[in-house]
Amino acid sequence: MTAPKFIVTYDESTASLLTAQGFRPLPDTSSRYVFIVESGKKIDFDEVDVSKIKYTNTLNI
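Residues numbered from 1 in each chain as written. Predicted model: local features only at pLDDT ≥ 70, side-chain atom pairs only at ≥ 80, totals over all residues. Heavy atoms only, no water.

Student: Explanation requested: the side chain of Gln21 in the structure shown.
Tutor: Within the fold, Gln21 resides in the loop between α1 (12-20) and β2 (25-26). For Gln21, a relative accessible area of 18% puts it in the buried group. A distance of 3.3 Å separates a polar atom in the side chain of Gln21 from a polar atom in the side chain of Glu47. (Helix = DSSP H or I, 4+ residues; strand = E, 2+ residues; numbered from the N terminus. Buried < 20%, exposed > 50% of the residue type's maximum accessible area, 1.4 Å probe, protein only. Polar contact = N/O pair within 3.5 Å; in protein donor to acceptor, adjacent residues only side chain to side chain.)

Student: It is not clear to me how the pairing of strand β3 (residues 33-36) should be interpreted in this structure. Could you clarify?
Tutor: In regular strands, side chains alternate between the two faces of the sheet. Taken together, the four bridges between strand β1 (residues 6-9) and β3 define a ladder with antiparallel strand orientation. Of the residues in β3, the one forming a bridge with Val8 is Val34. Where β2 and β3 come together, two bridges link them in antiparallel fashion. Across the sheet, residue Pro25 finds its bridge partner in β3, namely Phe35. Hairpin remark: β2 followed by β3, antiparallel, with six residues in the connecting loop. (Pairing = 2+ DSSP bridges.)

Structure below.
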């Protein structure tokens, strides 16, 4: 299975936590926040609610 390339969330506070953990957001004009999954980066699940994120390999425009 291929590792996911992106993390998507629609929650602003979750997006802020991911940014604080070093994930880079991609520009998006909708109400979603998209982050690149970089090799070696790990999410601190003590801070981030997994129910508010989605992993994906594709982005829909």
